[in-house]
Amino acid sequence: MSIQLETSGGVSVLTIDRAPVNSLDLSMRIRLLEALAAALSDASVEAIVLWGGSRVFSAGADIEEFAAGPRGPTCTEPTLPTVVAALDAATKPIVAAIAGPCLGGGLEIAMACHARLCASTARFGLPEVKLGLLPGAGGTQRLPRLVGVETALRLIVSGDVIDARRAVEIGLAELASGDLRDAAIRHARALSGKPLARTSDLNARLPDGVSAAAEYFAAQRAGLRPALPAPRACIDAVELALSHPVAEGSRLEFELFGKLIETPESKALRYAFFADRSAGRLPALPPGVTPRAIHRVGIVGTGTMGSGIAIACLDAGLATTLTDATPAALAAGRGRIETHYASATKKGRVSADVAAERLQRLQTADSYDGLAGCDLVIEAVYEDLEVKRTVFRELDRVLEPGALLASNTSTLDLDAIAAATARPADVVGLHFFSPANVMRLLEVVRGRETSAVSLATALAFGKTIGKVSVVARVCDGFIGNRMFEEYLRQAYALVDLGVLPWRVDNVLERWGMAMGPFAVMDLAGNDIGWAIRKRRAIAHPERPYSTFPDKICELKRFGRKSGAGFYTYDDAGRRSEDAAITKLATEHAQAIGAIRSDVSDDEIVERCVSALVNEGLRLLEEGIAERASDLDVVYRHGYGFPAHRGGPLFFADTLGLHHVLESMRNFHAGYQGWAWEPAPRLIYAARRGTCLTDIETRRVP
Ligand code: 3H9
């Protein structure tokens with residue numbers, strides 16, 4: 001970890017070298033300032049290049065430092081704004097040479113340089129808002145000066161990352177020809193002796209046709225959904241850039257940053273950032289386990305799920321072969337994928353050339369033999385154990401030794417599927433969420449016999465296709481669906497207590513869930529839940545469900561696919577409340593006789609979220625999940641849990657475990673209280689004053 005300073009031919013190259021992503025913690029900031037001062041005071045140096053190496057320029061401030069809040073190292077001198085100000089004030093030209101990610105504070109230091117040269121691998125962004133923050137080292141002051149207020153606002157409020165081509169288009173950087181470092185040295189030398197192009201000397205530009213800045217910014221604020229503190233502060237700070245010199249605007253911006261760092265939203269989002277990165281990392285993989293390479297993926301079953309998985313593989317640059325039981329099904333699957341790329345091209349999401357290249361990597365095979373040579377085959381056929389076992393017997397027959405055999409089952413026993421092969425060590429579950437090419441969550445299911453290499457290969461594959469992978473052991477429903485079942489149980493129980501379905505949905509959606517449970521079931525298909533409840537009634541008669549959703553199914557209201565479910569739907573797919581369901585729900589609750597008129601919005605949230613927490617803790621106790629934060633990752637990426645609340649377990653920690661436990665005990669004493677036996681880990685953590693999110697099971701493979 002260092003800043004290297006190399007001088008030759010009148011140009012000093014300052015190399016930021018802090019693995020893995022050149023984040024700028026306090027010690028790096030001190031070294032950077034020292035190196036800058038050395039280069040500026042050296043009479044033989046005419047110009048400077050700031051370089052982060054060929055892989056990454058800088059991922060910005062060290063996010064771990066934020067945990068200590070505004071009194072911690074983030075706000076200890078030299079702060080990042082101090083470093084940025086020193087670059088801006090330099091008396092010799094400084095060229096930022098940018099390859100790979102140049103994000104957050106990384107972009108802020110680059111914007112304080114006098115020129116930015118980039119390689120085609122460069123990616124630029126101010127993603128602070130995704131951490132519940134705003135760029136705090138002049139980003140909101142310099143970006144509008146370089147690219148205009150409109151483009152700057154779009155980038156800062158979304159936190160989106162753009163590629164080198166787009167950065168050049170908007171005037172943020174220039175593309176280097178040839179070797180980037182050499183080009184930057186030449187460029188720096190050429191700037192020597194010329195007037196310095198300081199970003200701070202520029203004026204921020206309002207969009208063409210806008211003259212009333214205050215109204216323009218008010219409209220931006222009014223458009224925020226949801227209205228969280230960070231995006232609002234981003235807009236406030238960009239507005240400052242119009243009326244304040246950079247130094248003063250940056251001072252005010254840093255003040256806002258110091259406030260945001262302490263908001264619950266920022267704490268939750270920072271927790272989520274690190275939780276995503278620890279998910280899929282197994283503490284107990286034996287040393288020396290390296291994943292096998294995956295070049296060609298086979299997919300068996302080309303329905304919606306199989307096609308979505310194929311698109312995810314094609315998007316990630318993998319060769320992909322599809323097969324299905326009949327030529328018609330295979331042709332339909334290929335057709336779905338072609339339609340996807342045609343629509344993506346039309347919407348400008350990919351260029352026609354890129355779409356054509358991806359489709360070129362798609363092959364179809366009319367029998368299992370066509371999958372020979374695949375490094376990984378994912379089965380995505382009908383959810384029936386015998387059907388899947390037949391598929392796996394065929395895969396066992398045709399695949400080379402060492403190939404990975406994966407099932408996309410969401411409910412079946414992976415060990416029973418693996419037992420159909422002579423190589424259960426090579427079998428894993430890869431549980432995708434629909435649409436598989438969009439949803440980021442991948443549950444990687446580790447069977448009883450799954451080898452460490454197979455698991456490592458599955459996790460590496462997940463990373464290749466851009467998923468956040470979470471490891472689960474075998475159980476019915478794995479992590480996500482097992483937790484979801486308890487959440488649904490409480491949503492239905494609320495109807496028993498006299499709460500209408502749309503009140504439950506509206507309360508949870510206002511709280512931040514992407515979709516309420518009744519709307520989710522209408523989307524997923526109420527018949528699917530009905531079939532599961534029938535199975536459960538036989539296996540666990542002591543755990544009864546509300547009969548309300550069965551009554552909906554008896555009316556053949558299976559959800560969107562049948563035109564109605566808990567809601568009715570218009571042609572555009574918009575849901576509306578239905579008087580028939582109000583009547584049905586009211587009569588249902590009256591018949592049970594447990595109606596309560598005092599169910600508050602808070603209780604609706606607490607019942608549903610605490611149900612997730614309690615079942616999640618059981619999954620940890622059973623060793624199905626590796627660590628508590630994995631449960632939160634599953635819920636955020638697979639079930640629309642609001643990122644700014646961290647996840648169910650993080651939320652419970654912020655509520656206070658004594659409070660959560662007390663509510664559970666109250667629920668335990670009430671209607672259908674059997675479902676509310678608090679998990680021993682909750683009682684333990686509440687008693688010890690520890691956090692749920694610290695729990696790791698750390699099982700040895
Ligand atoms: C900021 O800059 C504030 C300023 O405006 C103002 C300050 C006053 N800090 O994602 P990966 C770790 S806020 C600390 O798996 P990839 C990460 O945890 C910052 N650690 O790799 C992981 O560690 P581990 C604004 C960081 O190749 C390892 O690096 N910047 C940071 O898939 C590899 O990460 C951002 O929000 C960091 N800034 O993606 C950018 N960044 O191995 C955040 C990463 O122990 N970073 N780590 O799990 C990213 O978007 C991605 O990490 C990046 C690499 C694209 C850079």
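Preceding this paragraph is the structure being described.
Residues numbered from 1 in each chain as written. Predicted model: local features only at pLDDT ≥ 70, side-chain atom pairs only at ≥ 80, totals over all residues. Heavy atoms only, no water.

Visitor: Looking at this model, I keep getting lost on the overall build of the chain. Mind explaining?
Guide: Across its full length, the chain holds 28 helices and 19 strands. Computed over the C-alpha atoms, the radius of gyration of the chain is 28 Å, within 12% of the 27 Å expected from 2.2 N^0.38 for a compact globule of 701 residues. Taken along its principal axes, the extent of the C-alpha atoms in the chain is 85 × 65 × 55 Å. Counted over contacts in the chain with a minimum sequence separation of 6, partners at least 24 positions apart contribute 74%. When the accessible surface of the chain is split by element, carbon and sulfur atoms take 54% of a total near 28800 Å². In the chain, which carries 78 positive and 83 negative side-chain charges, the distance between the mean positions of the two groups comes to 1 Å. (Helix = DSSP H or I, 4+ residues; strand = E, 2+ residues; numbered from the N terminus. Rg over C-alpha atoms; globule rule 2.2 N^0.38 Å. Contact = heavy atoms within 4.5 Å. Areas by Shrake-Rupley, 256 points an atom, 1.4 Å probe, with all protein chains shown as cover. Lys, Arg positive; Asp, Glu negative; His and termini not counted. Charge placed at Lys NZ, Arg CZ, Asp CG, Glu CD.)

Visitor: Sorry, what's going on with the layout of surface pockets here?
Guide: Once rolled over the atoms, a probe with the size of a water molecule shows which space is left empty. The calculated volume of the second largest pocket comes to roughly 1600 Å³. Breaking the lining of the second largest pocket down by element, the ones donating at least two residues are α12 (304–315), β15 (427–432), α18 (480–496), α20 (517–524), α21 (526–539) and α25 (628–638). By residue number, the principal contributor to the lining of the second largest pocket is α21, which donates 8 residues. Classifying every residue of the lining of the second largest pocket gives 24 nonpolar, 14 polar and 9 charged. (1 Å grid on protein atoms, 1.4 Å probe; cavity = no way out; pocket = protein on both sides within 12 Å on 5 of 7 lines; lining within 4 Å. Points joined across faces, edges and corners; volume = space filled by probe spheres on them. Nonpolar A, V, L, I, M, F, W, Y, C, P; charged D, E, K, R; others polar.)

Visitor: Looking at this structure, I do not really get a positive patch on the surface. What am I missing?
Guide: Taken together, the side chains of Arg 277, Arg 281, Arg 440 and Lys 463 make up a positively charged region of the molecular surface. Summarising the element assignment, Arg 277 is placed in helix α11 (residues 264–278). Accessibility expressed as a relative area gives 46% for Arg 277, which makes it partly exposed. (Patch = residues over 30% accessible without salt bridge, like charges linked within 9 Å, V, L, I, M, F, W, Y side chains within 5 Å. Salt bridge = Lys/Arg side-chain N within 4 Å of Asp/Glu carboxyl O. Buried < 20%, exposed > 50% of the residue type's maximum accessible area, 1.4 Å probe, protein only.)

Visitor: Sorry, what's going on with the site of the ligand here?
Guide: Taken together, 27 residues lie around the ligand, and Gly 105, Glu 108, Glu 128, Arg 277 and Arg 281 are the ones closest in. Gly 105 places a main-chain nitrogen or oxygen 2.8 Å from an oxygen atom of the ligand. For the ligand, an oxygen atom lies 2.6 Å from a polar atom in the side chain of Arg 277. Alone, the ligand offers 1000 Å² of accessible surface; in the complex the protein occludes 77% of this. Put simply, the parts of the chain that give the shell around the ligand at least two residues each are α3 (105–112), α10 (246–260) and α11. Ranked by the residues each element gives to the shell around the ligand, the list is headed by α11, at 3 residues. Of the residues contributing to the shell around the ligand, the split by class is 16 nonpolar, 5 polar and 6 charged. (Near = heavy atom within 4 Å. Polar contact = N/O pair within 3.5 Å; in protein donor to acceptor, adjacent residues only side chain to side chain.)

Visitor: I tried to follow the packing of helix α24 (residues 601–621) against helix α28 (residues 680–688) on my own but got confused; where do I start?
Guide: Packed helices, taken two at a time, are described by their axes: the angle between them and the distance between them. Axis separation between α24 and α28 bottoms out at 8 Å; the angle between their running directions is 100°. It follows from the interaxial angle that α24 and α28 lie roughly perpendicular. Here Leu 617, Leu 620 and Glu 621 of α24 lie close against α28, whose contacting residues are Pro 680, Arg 681 and Leu 682. Residue composition of the contact of α24 with α28, by class: 4 nonpolar, no polar and 2 charged. (Axes fitted to C-alpha atoms, helices over the stretch in contact; angles between N-to-C directions. Parallel < 35°, antiparallel > 145°, perpendicular 65-115°, else oblique.)

Visitor: Mind showing me how you'd approach unusual backbone geometry here?
Guide: A negative phi angle is the norm for most residues apart from glycine, just as the trans form is the norm for most peptide bonds. Omega for the peptide link from Ala 19 to Pro 20 comes to 0°, which places this bond in the cis form. Here Pro 20 lies in the loop between β2 (11–17) and α1 (26–41). Between Ser 434 and Pro 435 the backbone carries a cis peptide bond, its omega angle lying at -5°. Along the chain, Pro 435 turns up in the loop between β15 and β16 (441–446). With a phi close to 50°, Phe 478 is a non-glycine residue in the positive phi region. Topologically, Phe 478 is positioned in the loop between β17 (468–473) and α18.

Visitor: What am I meant to see in the sheet that holds strand β7 (residues 123–125) here?
Guide: In a beta sheet, neighbouring strands pair by backbone hydrogen bonds and run either parallel or antiparallel. Strand order across the open sheet formed by 3 strands is β5-β7-β8, with mixed pairing between neighbours. Because the sheet does not close on itself, it has two edges, and the strands there are β5 (101–103) and β8 (161–163). Looking at each pair of strands side by side, their axes are set apart by 20° on average, direction ignored. Pairing geometry for β5 and β7, over 3 bridges, is parallel. Within the sheet, the bridge partner assigned to Pro 101 lies in β7 and is Arg 123. In this fold α3 packs onto β5 and β7, with an angle of close to 85° to the strand it touches most, β5. (Pairing = 2+ DSSP bridges.)

Visitor: Help me understand empty space enclosed by the protein in this model?
Guide: Within this structure, the stated rule accounts for 2 cavities of 30 Å³ or more. Of the pockets and cavities examined, the largest cavity occupies roughly 70 Å³. Lining the largest cavity we find Arg 489, Gln 490, Tyr 492, Ala 493, Asp 496, Pro 544, Tyr 545, Ser 546, Tyr 671, Gln 672, Trp 674 and Ala 675. Here the residues of the lining of the largest cavity are counted per class, giving 7 nonpolar, 3 polar and 2 charged. Considered as a void within the structure, the second largest cavity measures approximately 30 Å³ in volume. It is β17 that contributes the most residues to the lining of the second largest cavity, 3 residues altogether. The residue makeup of the lining of the second largest cavity, split by class, is 4 nonpolar, 1 polar and 3 charged.

Visitor: Teacher, can you tell me more about the packing of aromatic side chains here?
Guide: Pairs of aromatic rings are described using the distance from one ring centre to the other and the angle between the two planes. One pass over the structure, following the stated rule, counts 19 aromatic pairs. A ring pair is formed by Phe 66 and Phe 257, whose centres lie 5.6 Å apart and whose planes are at 80°; its orientation type is edge-to-face. Residue Phe 66 is located in the loop between β3 (47–51) and α2 (80–89), and its partner Phe 257 is located in helix α10; the two are separated by 191 residues in the primary sequence. For Phe 66, a relative accessible area of 5% puts it in the buried group. (Phe/Tyr/Trp six-rings, centres within 6.5 Å; stacked < 30°, edge-to-face > 60°.)

Visitor: Please clarify how the packing of helix α26 (residues 648–655) against helix α27 (residues 657–668) should be interpreted in this entry.
Guide: The interhelical angle for the contact between α26 and α27, taken along N-to-C directions, is 105°, at an axis separation of 6 Å. With respect to α27, the element α26 is oriented roughly perpendicular. Contacts between α26 and α27 involve Ala 652, Asp 653 and Leu 655 from the former and Leu 657, His 659 and Val 660 from the latter. Tallied by class, residues from the contact of α26 with α27 come to 4 nonpolar, 1 polar and 1 charged.

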